[in-house]
Amino acid sequence: MYAAFCSIGAYVPEKILTNSDLETMVDTSDEWIYKRTGIKERHIAADNETTSDMGVNACRIAIERAGLSHNDIDMIICATISPDYFCMPSTAAIIADKLGLQKVTAFDISAACTGFVYALSIAKAFIESGMKKNILIVGAEKLSAITDYTDRGTCILFGDGAGAAIISATDNKEHAIIDIHTGSDGSYADLLMSPNGGSGSIHDTLEHTACFMQMKGNETFKVAVRTLTNDVVSILADNSIEASTVKHFVPHQANYRIIKAVGDALNLDEAQVVLTVEKYGNTSGASIPMAINDIYESRRLQQGDLMLLDAFGGGLTWGSALVPFAGKGK
Ligand code: ACO
């Protein structure tokens, strides 16, 4: 039995936070943000809108596009660093309940921006082992809830949103997910972290429990370019696939300059590189499925198209995947 990537769906909240809006909040400028990151705007969830609410909206679309009913789903994995609740219940369990599914296996994974690729690798293993048939993987983030809007080094980067995909069992080898690489190096943990609120919290008073993200941006940038490039070079080589045969390179949307550097290292054409960072910013675990949804919506994604996913995030974690799209194009 093989695992196939059968459908995609995404959701973005209505409210838009532009670079000009940020100019009124911190000492920054539209020019600085766009030049350093490629970001123009990002979407921000409503106060009463949770990560699971956004995830459910993306899931409903992915289920419908796969031609399945809710009851066909036998597992939900949610990749998020901004769950509805930090300890329990899992956001995946809440999403399952909101979809009317009370008996499915449901759990969250924590791998920051690499979360969707990690979730994909878990789904692939469950399906290939024969344990599950239709798995919903969701990347959903309300990063605005864990962003410090007084810190200009991070608040200009992040946005909210969700993306979901259905991974199903198939006996058609042409539809099979080819390979997935995942890795981590915790010795770089301090580059990107939410230091408060856990058992490793550096503060011992309740006033300091806000889980705001902190980042050493410049150091992270350099490690990101190196790690992302090495990762895609190695997955292509391991599978004897030329970069030129990749139809869509779908990198984690953190920074245009990082994406450009990796694309150039692989000699990719602009048309191969999927870019959404300008309009969504960095949506961590949601960024890759939101980007895949973007090419689906714009009718650029067709059945059989080879996608190369590539992600990098807090942990540090990284992951890449060679994935033919098994669903039908729009
Ligand atoms: N507006 C204006 N100036 C700023 C801003 C801002 N928003 N932020 C920082 N600056 C200033 C700094 O203070 C510094 O000033 P100084 O030279 O007087 O000290 C100067 O700009 C340069 O700062 P750098 O941090 O060196 O800027 P850099 O070019 O590295 O860009 C950025 C910063 C955009 C954050 C970049 O480093 C980056 O994108 N890093 C990687 C982010 C990433 O990929 N994260 C991983 C995934 S996220 C996740 O896992 C959740």
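Residues numbered from 1 in each chain as written. Predicted model: local features only at pLDDT ≥ 70, side-chain atom pairs only at ≥ 80, totals over all residues. Heavy atoms only, no water.

Participant: Looking at this structure, how should I read the environment of valine 225?
Facilitator: Mapping valine 225 onto the fold places it in helix α7 (residues 217-238). Beyond its immediate sequence surroundings of up to four residues, valine 225 is in contact with Ile258, Ala261 and Val262. (Helix = DSSP H or I, 4+ residues; strand = E, 2+ residues; numbered from the N terminus. Contact = heavy atoms within 4.5 Å.)

Participant: What should I look at first to understand the environment of asparagine 196 in this one?
Facilitator: For asparagine 196, the location among the structural elements is in the loop between β9 (192-193) and β10 (214-215). Spatially, the C-alpha atoms of asparagine 196 and phenylalanine 212 are 7.6 Å apart, while their sequence positions differ by 16 residues.

Participant: Is there a simple way to think about the packing of aromatic side chains in this case?
Facilitator: Each aromatic ring pair is described using two quantities: the centre-to-centre distance and the angle formed by the ring planes. A full pass over the atoms with the stated rule returns two aromatic pairs. A centroid spacing of 6.4 Å and a plane angle of 65° characterise the contact between tyrosine 296 and phenylalanine 325, whose relative ring orientation is edge-to-face. One end of the pair, tyrosine 296, is in helix α10 (residues 287-297); the other, phenylalanine 325, is in the segment after β13 (317-324), with 29 residues separating them in the sequence. Judged on exposure class, the residue tyrosine 296 and its partner phenylalanine 325 are both buried. A network of ring pairs unites the aromatic residues Phe5, Tyr296 and Phe325 as a single cluster. Sitting over the face of the ring of tyrosine 34, lysine 40 holds its NZ or CZ atom 4.7 Å from the ring centroid. (Phe/Tyr/Trp six-rings, centres within 6.5 Å; stacked < 30°, edge-to-face > 60°. Buried < 20%, exposed > 50% of the residue type's maximum accessible area, 1.4 Å probe, protein only. Lys NZ or Arg CZ within 6 Å of the ring centre and 35° of its normal.)

Participant: Quick question: what am I supposed to make of the site of the ligand here?
Facilitator: Around the ligand sit 25 residues in total, of which Thr28, Arg36, Cys113, Asn218 and Asn255 are the nearest. Separating an oxygen atom of the ligand from a side-chain N or O atom of arginine 36 is a distance of 2.7 Å. Backbone polar atom of glycine 314 to an oxygen atom of the ligand: 3.0 Å apart, as the coordinates give it. Here the ligand loses 74% of its free accessible area of 1000 Å² to cover by the protein chains. For the shell around the ligand, the secondary structure elements donating two or more residues are α2 (30-37), α6 (152-155), α7, α8 (256-265) and β12 (306-313). Examining the composition of the shell around the ligand, we find that four residues originate from one element, α7, more than from any other. Here the residues of the shell around the ligand are counted per class, giving ten nonpolar, eleven polar and four charged. (Near = heavy atom within 4 Å. Polar contact = N/O pair within 3.5 Å; in protein donor to acceptor, adjacent residues only side chain to side chain. Areas by Shrake-Rupley, 256 points an atom, 1.4 Å probe, with all protein chains shown as cover. Nonpolar A, V, L, I, M, F, W, Y, C, P; charged D, E, K, R; others polar.)

Participant: How should the sheet that holds strand β6 (residues 134-142) be read in this particular structure?
Facilitator: Sheets are built from strands paired through backbone hydrogen bonds, the pairs being either parallel or antiparallel. Here five strands make up an open sheet; going across it, the order is β1-β7-β6-β4-β5 and the pairing mixed. Each edge of the sheet is formed by a strand with only one pairing partner; in this case those strands are β1 (2-11) and β5 (105-109). On average, each strand axis in the sheet is inclined to that of its neighbour by 20°, with strand direction left out of account. Note that β1 and strand β7 (residues 160-170) share nine bridges and pair antiparallel. For glycine 9, the partnering residue across the bridge sits in β7 and is alanine 164. Those strands touched by α10 are β1 and β7, and its axis lies near 85° from that of β1. (Pairing = 2+ DSSP bridges. Axes fitted to C-alpha atoms, helices over the stretch in contact; angles between N-to-C directions.)

Participant: What should I look at first to understand unusual backbone geometry in this one?
Facilitator: Phi is mostly negative for residues that are not glycine, and the peptide bonds are mostly trans. Cis rather than trans, the peptide bond between methionine 88 and proline 89 has omega equal to -5°. With respect to the element layout, proline 89 can be found in the loop between β4 (75-79) and α4 (91-98). For the peptide bond that leads from glycine 315 to leucine 316, omega is -10°, which places it in the cis range. One can find leucine 316 in the loop between β12 and β13.

Participant: Could you clarify how one ought to interpret the pattern of salt bridges in this entry?
Facilitator: Where charged atoms from two side chains of opposite charge come close, those side chains can pair. One pass over the full model with this rule turns up nine salt bridges. The shortest N-O distance in the salt bridge between lysine 98 and aspartate 53 comes to 2.7 Å. Here the residue lysine 98 occupies a position in helix α4, and aspartate 53 occupies one in helix α3 (residues 51-65), the gap between them amounting to 45 residues. Exposure remark for lysine 98: the relative accessible area of 34% places this residue in the partly exposed category. Overall, aspartate 53 belongs to the partly exposed group, its relative accessible area being 25%. (Salt bridge = Lys/Arg side-chain N within 4 Å of Asp/Glu carboxyl O.)

Participant: In this structure, what is going on with the side chain of aspartate 305? I would like to understand it.
Facilitator: Relative to the elements of secondary structure, aspartate 305 occurs in the loop between α10 and β12. Buried charged residue aspartate 305 carries no salt bridge. Nearest counter-charge: lysine 247, at 5.0 Å. A distance of 2.8 Å separates a polar atom in the side chain of aspartate 305 from the backbone nitrogen of glutamine 302. In this view, aspartate 305 contacts Lys247, His248, Arg300, Val323, Pro324 and Phe325; residues no more than four positions away in its chain are not counted. (Lys, Arg positive; Asp, Glu negative; His and termini not counted.)

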